[in-house]
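Here is how the chains run, residue by residue.
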Amino acid sequence: MKTARQKGNRNRRACITLLEKAGWLVDVVEKTGRFVKVKDLFSLFDLIGLKAPGKVLLVQVASNEPHSHSKLQAFKMCYPGIDVRQYVWHDRKGWVRYFYETNGKRVV
């Protein structure tokens, strides 16, 4: 059986692969470690993606349960030029993707 950290790493890597196939240049911004208090970028995001011309993507990756939509939606409202998404891997079902827009979230 895999630990929670192994499962999270596997899902994050699968998300990176998915985004790279879509043409994004992706990197991990999540900090891990025993003594790290804040682990995500802005306490929200695990990945950052860049795509020409000047597109920026911030992604939260989760397993089985999505994180709070209100915080991600609030971030999108403050920074409408940045693409904000949440990818949730559900065991035996696959990805559920949430795209946050200034007029509400869209599930794909």
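Residues numbered from 1 in each chain as written. Predicted model: local features only at pLDDT ≥ 70, side-chain atom pairs only at ≥ 80, totals over all residues. Heavy atoms only, no water.

Asks: Just give me the short version of the sheet that holds strand S4 (residues 83-90), but keep the residues and values in it.
Replies: Ordered by their spatial adjacency, six strands build an open sheet running S1-S2-S3-S4-S5-S6, and the pairing between neighbours is mixed. Whereas interior strands pair on both sides, the edge strands pair on one side only; in this sheet they are strand S1 (25-28) and strand S6 (104-107). With direction set aside, neighbouring strand axes in the sheet form an average angle of 25 degrees. Taken together, the seven bridges between strand S3 (residues 55-63) and S4 define a ladder with parallel strand orientation. The residue bridging Gln60 from the neighbouring strand is Gln86, located in S4. Packed on one face of the sheet, helix H2 (residues 69-78) meets S3, S4, strand S5 (94-101) and S6 and runs near 45 degrees to S5. (Pairing = 2+ DSSP bridges. Helix = DSSP H or I, 4+ residues; strand = E, 2+ residues; numbered from the N terminus. Axes fitted to C-alpha atoms, helices over the stretch in contact; angles between N-to-C directions. Contact = heavy atoms within 4.5 Å.)

Asks: Describe unusual backbone geometry, naming the residues involved and giving the relevant values.
Replies: Cis rather than trans, the peptide bond between Ala52 and Pro53 has omega equal to 0 degrees. Within the secondary structure layout, Pro53 lies in the loop between strand S2 (47-51) and S3. Unlike most non-glycine residues, Asn64 shows phi in positive territory, near 70 degrees. Its location among the elements puts Asn64 in the loop between S3 and H2. For Asn64, a relative accessible area of 26% corresponds to the partly exposed category. You will see that Arg92, though not glycine, has its phi angle at about 65 degrees, which is positive. Among the structural elements, Arg92 can be located in the loop between S4 and S5. Judged by its relative accessible area of 80%, Arg92 is exposed. (Buried < 20%, exposed > 50% of the residue type's maximum accessible area, 1.4 Å probe, protein only.)

None of the figures reported here should be taken as evidence of function without further support.
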